[in-house]
Amino acid sequence: MARSQLSVGLIGYPVDHSLSPVFQQAAFDALGIPARYELWPTPAEVLDERVRWLRGPEVLGANVTVPHKAAVFTRVDQVTERARRAGAVNTVVNRGGVLYGDNTDVPGFLAPLRERGLPLGELAVVVLGAGGAARGILVALAEAGCRQVTVANRTAERAHELAVEFGVVAAPLDQRLEPCLRRADLLVNATSVGWDGASLPIDAALLDALPATALVYDLTYRDTPLLQVARRRGLATIDGLGMLVYQGAESFRLWTSQEPPLEVMWRAALAARQAHEQASRRS
Ligand code: ATR
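All values derive from a computational prediction rather than experimental measurement. Each chain has its residues counted from 1, running along the sequence as written. For this predicted model, a pLDDT threshold of at least 70 governs which residues receive local features, and a threshold of 80 or more governs which side-chain atom pairs are given and counted, while totals over whole chains, interfaces and linings are taken from all residues. Values shown for side chains rest on all heavy atoms present in the structure; no hydrogens or waters enter the calculation.

Participant: Can you walk me through the side chain of Thr191 in this structure?
Facilitator: In this fold, Thr191 is placed in the loop between strand S10 (186-189) and strand S11 (215-218). By the criterion applied in these results, polar contacts are pairs of N or O atoms within 3.5 Å in which, for protein atoms, one can donate a hydrogen and the other can accept it, and in which residues neighboring in sequence qualify only through two side-chain atoms. A polar contact of 3.1 Å, which involves the side chain of Thr191, links it to the backbone nitrogen of Val193. The contact definition used throughout considers only heavy atoms, calling two residues in contact when any of these lie within 4.5 Å. Ignoring sequence-local partners within four residues, the contact set of Thr191 consists of Leu128, Gly129 and Pro201. Secondary structure is summarised from DSSP: a helix means a run of H or I of at least four residues, a strand means a run of E of at least two, and numbering begins at the N terminus for each.

Shown next, in the form of structure tokens:
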């Protein structure tokens, strides 16, 4: 007897450039789970309806992306502690009509750092940005017990608010950041600057202040100008593809209660990114 088709998908607006359908579908197929991972473009005015629909018996759950992570947080029935601290849900699990919200961006961000065997508790970290993405990173850095965290943002007030909430230091996003960078082991770009492939969130010359052993981590899942400049200065870099795959793997684990096939997901994500890059070069 054929098993009925299950659905899971990505709620956001827009969602059409997402790599998630490719690597999540590869994971479902590899394990023979009869589920389809779909794109669910959801304008704000139909978000309530979309969330209600997630309670149906054929729906495993969803991923949530910009701009709905905070709104979905307030619409599910229960949230995990890390989702509560982040104020954002990126994964919804439907268990018999009850919706559970989690935030797998938090472990997803830490996974590539753990993979490198970094002593997370000893790190001094500078985070660029104070939006939703930066907030998730601050939750992760607190969970990892990092020694010192500085949050730098263009709009000082937002950095200050996060600094108070997370007990970290606020800094401006300009030359005054230099002393912090001199002491940093890890620089994280959690601003939206770099997607265009042309701009940097800070003056390129500021990267000279980083110690030669520092690591530069950009949450963007492409090779950004920040990462390119960092590499030219001989610094180690990480782009956001690993975080994307690991957050997706944790979501997969929550939906299916099965071990995610990480290798399969990685390979599919790398191929999808390459295809996107080729398509954008052609257009
Ligand atoms: P997300 O949820 O992706 O974090 P967001 O909440 O809109 O999105 O936050 C975007 C972040 O990128 C903010 O830190 C923003 O700085 P402001 O708080 O000053 O707006 C930062 N950002 C966006 N464009 C920027 C730019 N051109 N220069 C510097 N920072 C920028």
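Participant: Before we go on, may I ask you to explain the sheet that holds strand S8 (residues 148-153) in this structure?
Facilitator: Two strands are counted as paired when DSSP detects at least two bridges linking them. Ordered in space as S9-S8-S7-S10-S11-S12, the six strands form an open sheet in which the pairing is parallel. Each edge of the sheet is formed by a strand with only one pairing partner; in this case those strands are strand S9 (169-172) and strand S12 (236-238). Neighbouring strand axes in the sheet, compared pairwise and without regard to direction, differ in orientation by 20° on average. Two elements, S8 and S9, share four bridges in a ladder whose sense is parallel. Its bridge partner lying in S9, Asn153 is registered against Pro172. Note on geometry: axes are C-alpha line fits, over the in-contact stretch for helices, and angles between N-to-C directions span 0 to 180 degrees. Its contacts with the sheet put helix H6 (residues 132-144) on strand S7 (124-128), S8 and S10, and the angle it makes with S7 is roughly 165°.

Participant: Honestly, unusual backbone geometry in this entry has me stumped. Any pointers?
Facilitator: Trans peptide bonds make up the majority, and among non-glycine residues the majority have a negative phi. In this structure, Pro14 follows Tyr13 across a cis peptide bond, with omega equal to 0°. Among the structural elements, Pro14 can be located in the loop between strand S1 (6-12) and helix H1 (20-30). A cis amide bond links Val66 to the next residue, Pro67, at an omega of 5°. Note on placement: Pro67 falls in the loop between strand S3 (59-64) and helix H3 (69-73). Of note in this structure, Ser257 is not a glycine but carries a positive phi near 55°. Relative to the helices and strands, Ser257 resides in the loop between helix H10 (241-256) and helix H11 (262-282). Classification of Ser257 by relative accessible area gives exposed; the value is 68%. Three exposure classes are used, based on accessible area relative to the maximum for each residue type with a 1.4 Å probe and protein chains only: buried under 20%, partly exposed in between, and exposed over 50%.

Participant: For this particular structure, what's the right way to read helix H7 (residues 156-166)?
Facilitator: Each α-helix winds once per 3.6 residues, and so residues spaced three or four apart point in a common direction. Restricting attention to buried positions, one finds in H7 the residues Ala159, Leu162, Ala163 and Phe166. One face of H7 carries all of its buried residues, which in axial projection span an arc of 105°. Along its buried surface, H7 packs onto helix H4 (81-86), H6, S8 and S9. Two residues or fewer after H7 comes Gly167, characterised by a positive phi angle close to 65°. Comment: arc refers to directions from the helix axis out to C-beta atoms.

Participant: Would you mind showing me how to read the site of the ligand here?
Facilitator: The criterion for a residue being near a molecule or strand is simple. One of its heavy atoms has to lie within 4 Å of it. Within the structure, the ligand sits among 13 residues, and Ala130, Asn153, Arg154, Thr155 and Arg158 are positioned closest to it. Between the ligand and Gly132 there is a distance of 3.1 Å, counted from an oxygen atom to a backbone nitrogen or oxygen. At a separation of 3.2 Å, an oxygen atom of the ligand approaches a polar backbone atom of Ser192. For the ligand, the accessible surface in isolation is 640 Å², of which the surrounding protein chains cover 67%. Split into classes, the residues belonging to the shell around the ligand amount to four nonpolar, seven polar and two charged. In short, Shrake-Rupley with a 1.4 Å probe defines the accessible areas, and a residue's cover is counted only from the protein chains shown. Three classes are used: nonpolar for Ala, Val, Leu, Ile, Met, Phe, Trp, Tyr, Cys and Pro, charged for Asp, Glu, Lys and Arg, and polar for all others, with Gly counted as polar.

Participant: What should I look at first to understand the sheet that holds S1 in this one?
Facilitator: Where strands meet in a sheet, backbone hydrogen bonds hold them as pairs that are either parallel or antiparallel. The mixed open sheet is built from six strands, whose spatial order is S2-S1-S3-S5-S6-S4. Either end of the sheet is taken by a strand with one partner, and the two such strands are strand S2 (35-41) and strand S4 (78-79). Here S3 runs beside strand S5 (residues 91-95); their pairing, made up of three bridges, is antiparallel. By the bridge assignment, Asn63 is partnered in S5 with Thr91. Seen against the sheet, H1 touches S1, S2 and S3 and runs at an angle of roughly 165° to S2.

Participant: Just to check I follow, could you spell out the packing of helix H5 (residues 105-115) against H6 for this structure?
Facilitator: Two elements in contact, H5 and H6, have axes whose closest approach is 8 Å; the angle formed by their N-to-C orientations is 65°. Along this stretch, H5 crosses H6, giving a crossing that reads as right-handed. Here Val106, Phe109 and Leu110 of H5 lie close against H6, whose contacting residues are Gly136, Ile137, Val139, Ala140, Leu141, Glu143 and Ala144. Tallied by class, the residues present in the contact of H5 with H6 amount to eight nonpolar, one polar and one charged. We call a crossing left-handed when the near helix sits turned anticlockwise from the far one by less than a right angle, and right-handed when that turn is clockwise.

Bear in mind that shape data such as this cannot, by itself, settle questions of function.
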